Amino acid sequence: MSKVFVIDIAKCNGCHNCQVACKDEHCEQSWMPYAQAQPLTGQFWCKVNEKEHGQVPVVRLSYTPVLGAQDDAIKEYAPECCQEREDGLIVLDPEKCKGRKDIADKFDGVFWNEELEICQGCTGCAHLIDNDWEEPRCVDACCTDALRYVEESEVDLTGAEKRGNVYYLNVPKRFIAGLLYDPEVDEVVIGATVVLMLNGEQIAETVTDDFGDYRFVQIEPGAYELVVSAKGFETKTIAADCTEQDIYVGDEPLAFIDDRRFYPSAADIARRDRAEAVIKWAEMRRDVQMEEDEVANFAVDCPCCGKHLNVQADSGIYRCQFCKADLTEVIAEKAAELAAK
Ligand code: SF4
Ligand code: SF4
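These numbers come from a predicted model, not from an experiment. (Residues numbered from 1 in each chain as written. Chains lettered and ligands numbered in written order. Predicted model: local features only at pLDDT ≥ 70, side-chain atom pairs only at ≥ 80, totals over all residues.)

Undergrad: Any chance you could explain the sheet that holds strand S15 (residues 236-241) here in plain terms?
TA: The strands that make up a sheet pair up through hydrogen bonds in the backbone, lying either parallel or antiparallel. Strands sit in the order S12-S11-S14-S15 across an open sheet of four strands; the sheet is antiparallel. Every interior strand has two partners, whereas the edge strands, strand S12 (201-207) and S15, have only one. Neighbour to neighbour, the strand axes of the sheet diverge by 25° on average, direction disregarded. (Pairing = 2+ DSSP bridges. Helix = DSSP H or I, 4+ residues; strand = E, 2+ residues; numbered from the N terminus. Axes fitted to C-alpha atoms, helices over the stretch in contact; angles between N-to-C directions.)

Undergrad: Help me understand the pairing of strand S8 (residues 166-169), please; the structure alone is not making it clear to me.
TA: As judged from the four bridges shared by strand S1 (residues 3-8) and S8, these two strands associate in the parallel manner. Within S8, the residue paired with Asp8 across the bridge is Leu169. The loop that links strand S7 (residues 161-163) with its antiparallel partner S8 comprises two residues; one of these, Gly164, has a positive phi angle of about 65°.

Undergrad: Before we go on, may I ask you to explain the site of ligand 1 in this structure?
TA: Around ligand 1, a shell composed of 14 residues is seen, among which Cys22, Cys46, Cys122, Pro136 and Cys138 lie nearest. Among the secondary structure elements, those contributing two or more residues to the shell around ligand 1 are helix H1 (17-26) and helix H5 (137-141). Per element, the largest residue contribution to the shell around ligand 1 is four residues, and it comes from H1. Taken together, the residues of the shell around ligand 1 sort by class into nine nonpolar, three polar and two charged. (Near = placed C-beta within 6 Å. Nonpolar A, V, L, I, M, F, W, Y, C, P; charged D, E, K, R; others polar.)

Undergrad: When you look at unusual backbone geometry in this model, what are you seeing that I'm missing?
TA: Of the consecutive residues Met32 and Pro33, the connecting peptide bond is found in the cis state with omega at 10°. Counting through the fold element by element, Pro33 comes out in the loop between H1 and strand S2 (47-55). Residue Pro57 is bonded to the preceding Val56 through a cis peptide linkage, with omega at 10°. The residue Glu117 is not glycine, and still its phi comes out positive at about 55°. Locating Glu117 in the fold gives a position in the loop between strand S4 (111-113) and strand S5 (118-120). Overall, the presence of 12 C-beta atoms within 10 Å leaves Glu117 in the exposed class. (Buried ≥ 20, exposed ≤ 12 C-beta atoms within 10 Å, placed from the backbone.)

Undergrad: Which parts of the structure should I look at to understand the site of ligand 2?
TA: Near ligand 2, the surroundings consist of 15 residues, among which Cys12, Cys15, Asn17, Cys18 and Cys142 are the closest. In terms of residue class, the shell around ligand 2 is built from 10 nonpolar, five polar and no charged.

Undergrad: What is the right way to read H1 from this model?
TA: Residues lying three or four places apart along an α-helix face the same way, a consequence of the helix completing one turn every 3.6 residues. A large share of H1 lies buried, amounting to seven of its 10 residues. Of the residues making up H1, those classed as buried are Asn17, Cys18, Ala21, Cys22, Lys23, Glu25 and His26. In the stretch just after H1, Glu28 is the one whose phi turns positive, near 55°.

Rendered as structure tokens:
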């Protein structure tokens, strides 16, 4: 069984630990007969590439570690310069590749050492693997498991992209993002349906979130259309061409075509929710109060506003708490009535 490098881009946070570990292992340190020392500058046997996706305000970064010299194509091009190995690692023999600048010129991950006149690159840390290390230094340094050195048969490589002898999982595809708003009331449109179409065929569907945002991720490059619909608004089609790059479609206004009275705004809904919460709290307080006042209480109806009021006989409260009407008389009548019983 042979092991392979597997890099999961979704897990890579761009910490560069792998790149630094590789430098630490190989700079100014010769591991003959596998590798001569890597010069302090100019060579990156492991390199973490950074790429920006999208436009402000929706921007994403992806990081892609590259072990450039792990590529069978190098072995096919210059088999006489590579060491024979059964585990599939590509190791440029420092003795045999002397003077072969053409290899460094042809392959991105192979570097020319001017001083030693040899080409160099990632050896898969063969010097460690042959000395019972389970994994190379860069893999050992990766704390997110983004970089692995595993048996090929033991890993699910569905959808993986092979570059050289390295498998990449979750290679970023395209995304389309945007925002919908109602220009008349200057508010975002929440819960609008956005359908992603390509050549008249529906590809995906989503709804705008509480901020009016929508997003389609990991889609193939293409000239898409977005069909946008929301209750009360005119349906609209927006062009979204992500053939060349990820795109932020922008803040898109939707035309309101219905009667506003039936569509409370987000601010109205928030106000209503707050008012309902206050009423609920007041009712709760009143219930508690009524329980506490069970003793020595009696009820009267306000002669002015008609509200039913609980009155504590010795509380000295003689005014209606709602309309402030004087209750002295009705309380006196009620008290007399109770006393007569
Ligand atoms: S396997 Fe070794 S030589 Fe290759 S990139 Fe990783 S640390 Fe560097
Ligand atoms: S160490 Fe792991 S997480 Fe950090 S940059 Fe390298 S692959 Fe990515």
